[in-house]
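# Survey of secondary and tertiary structure
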Amino acid sequence: MPVDFSGTWNLVSNDNFEGYMVALGIDFATRKIAKMLKPQKVIKQDGDSFYIHTTSTFRDYLLEFKVGEEFEEDNKGLDNRKCKSLVTWQNDKLVCVQTGEKKNRGWTHWLEGDDLHLELRCENQVCKQVFKRA
Ligand code: VLP
């Protein structure tokens, strides 16, 4: 039985979000707004089926997937680039590889103590976010 990420999570730290956004080609004005945000994640997990809704006062992003099943991701409202995404388990970590125009793109979620961790990767940039239960 794998870990359960279900819950409502609030962002408490966001290291190098700027570098990650620059790597994604997000424009200056959008970055200025985005880096002030304190997004919330609502995660619903049913075994290997995931619903991850990231919400903020500026934009929302909904991602639904099954572990091990590749899907088309549109990144709408983020950088709007399409990619092929595949999420797999690496022990208790949820690892997503986003294959497309940007090299080395993906993310990893894991639980550590009472916290939800997220590493966002694009090209040579790594953003590290930590969330606490709401
Ligand atoms: C775009 C880059 C900020 C910045 C402009 C919009 C949605 C794992 C995964 C599930 C993410 C979050 C992506 C953040 C990239 C911002 C709007 C911020 C709120 O999460 O949980 O998609 O990829």
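Residues numbered from 1 in each chain as written. Predicted model: local features only at pLDDT ≥ 70, side-chain atom pairs only at ≥ 80, totals over all residues. Heavy atoms only, no water.

Per an unreviewed UniProt entry, the chain goes by the name RET7 protein and belongs to Ptilonorhynchus violaceus. In its Subunit (unreviewed entry) section, the UniProt record describing the chain reads: "Monomer." Regarding the chain, the relevant UniProt record gives this comment under Sequence similarities (unreviewed entry): "Belongs to the calycin superfamily. Fatty-acid binding protein (FABP) family." (UniProt positions renumbered as here; feature names shortened; annotations may be inferred.)

Moving on: the nonpolar core. One finds Tyr-20, Ile-43, Phe-50, Phe-65, Val-87, Leu-94 and Trp-107 to be the most contacted residues of the largest nonpolar core, which totals 29 residues. Every element with two or more residues in this core is listed here: strand S1 (7-15), helix H1 (17-23), strand S3 (49-55), strand S4 (61-66), strand S7 (93-99), strand S9 (115-122) and strand S10 (125-133). Those residues in contact with Tyr-20, other than ones at most four positions away along the chain, are Leu-120, Arg-121, Cys-122, Gln-125 and Cys-127. (Core = buried A, V, L, I, M, F, W, Y, C linked by side-chain atoms within 4.5 Å. Buried < 20%, exposed > 50% of the residue type's maximum accessible area, 1.4 Å probe, protein only. Helix = DSSP H or I, 4+ residues; strand = E, 2+ residues; numbered from the N terminus. Contact = heavy atoms within 4.5 Å.)

Moving on: the site of the ligand. By nearness alone, 20 residues border the ligand, and Lys-41, Ile-52, Tyr-61, Leu-63 and His-109 come closest of all. Within the contact set of the ligand, an oxygen atom lies 2.7 Å away from a side-chain nitrogen or oxygen of Lys-41. Take His-109: an N or O atom from its side chain is 2.8 Å from an oxygen atom of the ligand. Its free accessible area being 600 Å², the ligand has 97% of it covered by the protein chains. If you list the elements that add at least two residues to the shell around the ligand, you get H1, helix H2 (28-34), S3, S4, strand S8 (106-112) and S9. (Near = heavy atom within 4 Å. Polar contact = N/O pair within 3.5 Å; in protein donor to acceptor, adjacent residues only side chain to side chain. Areas by Shrake-Rupley, 256 points an atom, 1.4 Å probe, with all protein chains shown as cover.)

Mapped onto the fold, His-117 is located in strand S9. The spatial distance from the C-alpha of His-117 to the C-alpha of Phe-131 is 6.3 Å, given a sequence separation of 14 residues. The residues contacting His-117, other than those within four sequence positions of it, are Thr-108, His-109, Trp-110, Glu-112, Lys-128, Gln-129 and Val-130. Side-chain polar atoms of His-117 contact the side chain of Lys-128, separated by 3.0 Å.

When S1 meets S10, the two strands line up antiparallel, connected through 6 bridges. Note on S10: the bridge partner recorded for Ser-13 is Val-130. Where S9 meets S10, 8 bridges bridge the pair, whose relative direction is antiparallel. Its bridge partner being in S10, Leu-120 is matched across the sheet by Cys-127. Between S9 and S10, which follow one another and run antiparallel, lie 2 residues, and Glu-123 among them has a positive phi close to 50 degrees. (Pairing = 2+ DSSP bridges.)

On to the environment of His-53, then. With respect to the secondary-structure elements, His-53 resides in strand S3. Sequence separation of His-53 and Gly-100 is 47 residues, and the distance between their C-alpha atoms is 22 Å.

Moving on, we come to the pattern of salt bridges. Close approach of charged atoms lets side chains of opposite charge pair. A full pass over the atoms with the stated rule returns 8 salt bridges. A salt bridge links Lys-35 to Glu-18; the shortest N-O distance between them is 3.1 Å. Highlighted residues: Lys-35 in the loop between H2 and strand S2 (40-46) and Glu-18 in helix H1, separated in sequence by 17 residues. In this structure Glu-18 comes out as partly exposed when scored by relative accessible area, which is 27%. Salt bridges sharing partners connect three or more residues here, namely Asp-79, Arg-81, Glu-101 and Arg-105. (Salt bridge = Lys/Arg side-chain N within 4 Å of Asp/Glu carboxyl O.)

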